[in-house]
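The residues making up each chain are set out below.
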Amino acid sequence: MGSVIDVTIEEGSLTEKKPTVVFVLGGPGSGKGTQCANIVQHFGFTHLSAGDLLRAEIKSGSENGTMIQNMIKEGKIVPSEVTIKLLQKAIQESGNDKFLIDGFPRNEENRAAFEAVTKIEPEFVLFFDCSEEEMERRLLSRNQGREDDNIETIRKRFKVFLESSLPVIEYYNSKEKVRKIDAGKPVEEVFEAVKVIFTSNSEKATV
Ligand SMILES: Nc1ncnc2c1ncn2[C@@H]1O[C@H](COP(=O)(O)OP(=O)(O)O)[C@@H](O)[C@H]1O
Ligand SMILES: Nc1ccn([C@@H]2O[C@H](COP(=O)(O)OP(=O)(O)O)[C@@H](O)[C@H]2O)c(=O)n1
Ligand SMILES: [Mg+2]
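For the protein, an unreviewed UniProt entry supplies the name UMP-CMP kinase and the organism Eucalyptus globulus. UniProt, in its Sequence similarities (unreviewed entry) section for the protein, records the words "Belongs to the adenylate kinase family. UMP-CMP kinase subfamily." Under the UniProt heading Subunit (unreviewed entry), the entry covering the protein gives this text: "Monomer."

Here you go:
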């Protein structure tokens, strides 16, 4: 009797549809959050910013809060175990099946752990390509009171981006999953390029 129930549950989980995920990557200040807000309005995705989830975790007074706060101040990447748990919880609570995951995966550890734990492959990877000079200018005038938007931490974040995050983008590029956008232009122009990608991708999916 027990075995019949087991088989039913297994079949149920096998046929459960995996959510659609788009990773939104790019250096600090490249405009990920800004463009995600636009994409949500036009294409019905739920926006999950790994950085926002980590900052909310600090505010909630969680036991990991101090560790996360120290890492963010130093521009370091928080262990994937912590970030993936927060992402999974947000995915479950959203009720949606389409997600923009912004600022994740930021290193090889993030990428491999997410794949191993969730078995989710991104539909594609949106890469906002922007010069350091422009990103620095934007971060220094972001005015969100962030403890990491100071020149000292910004330099550390740029270094981490080049050393740890770009290789992840290269990995997806070798799988032809990267859609690169010139993010140095004004917000509206960047969004025009973003729209083309989301429109052509959803057309492909329905053919
Ligand atoms: N295309 C753009 N041109 C000029 N400023 C921008 C552009 N996109 C975003 N910004 C501004 O730059 C800052 C960083 O943008 P944000 O979306 O938070 O980037 P990220 O999430 O990649 O760090 C914000 O103050 C935002 O208003
Ligand atoms: N996957 C991630 C994403 C962010 N973070 C931390 O959160 C910080 C801010 O990330 P963010 O995505 O909000 O920053 P921006 O690129 O949006 O400026 C990073 O510098 C890391 O310290 C992380 O540890 N792991
Ligand atoms: Mg952001």
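Some remarks on the sheet that holds strand β4 (residues 124-129)
In space, the 5 strands of this open sheet follow the order β2-β3-β1-β4-β5, with parallel pairing throughout. The outermost strands of the open sheet, each flanked by one partner alone, are β2 (46-49) and β5 (178-182). On average, each strand axis in the sheet is inclined to that of its neighbour by 20°, with strand direction left out of account. With 5 bridges joining them, β4 and β5 adopt parallel strand pairing. Opposite F127, over in β5, you have K180 as the bridge partner. Of the strands in this sheet, β1 (20-26), β2, β3 (98-102) and β4 touch helix α2 (residues 32-43), which is tilted by about 175° from β3.

About the criteria used
Residues numbered from 1 in each chain as written. Chains lettered and ligands numbered in written order. Predicted model: local features only at pLDDT ≥ 70, side-chain atom pairs only at ≥ 80, totals over all residues. Heavy atoms only, no water. UniProt positions renumbered as here; feature names shortened; annotations may be inferred. Pairing = 2+ DSSP bridges. Helix = DSSP H or I, 4+ residues; strand = E, 2+ residues; numbered from the N terminus. Axes fitted to C-alpha atoms, helices over the stretch in contact; angles between N-to-C directions. Contact = heavy atoms within 4.5 Å.

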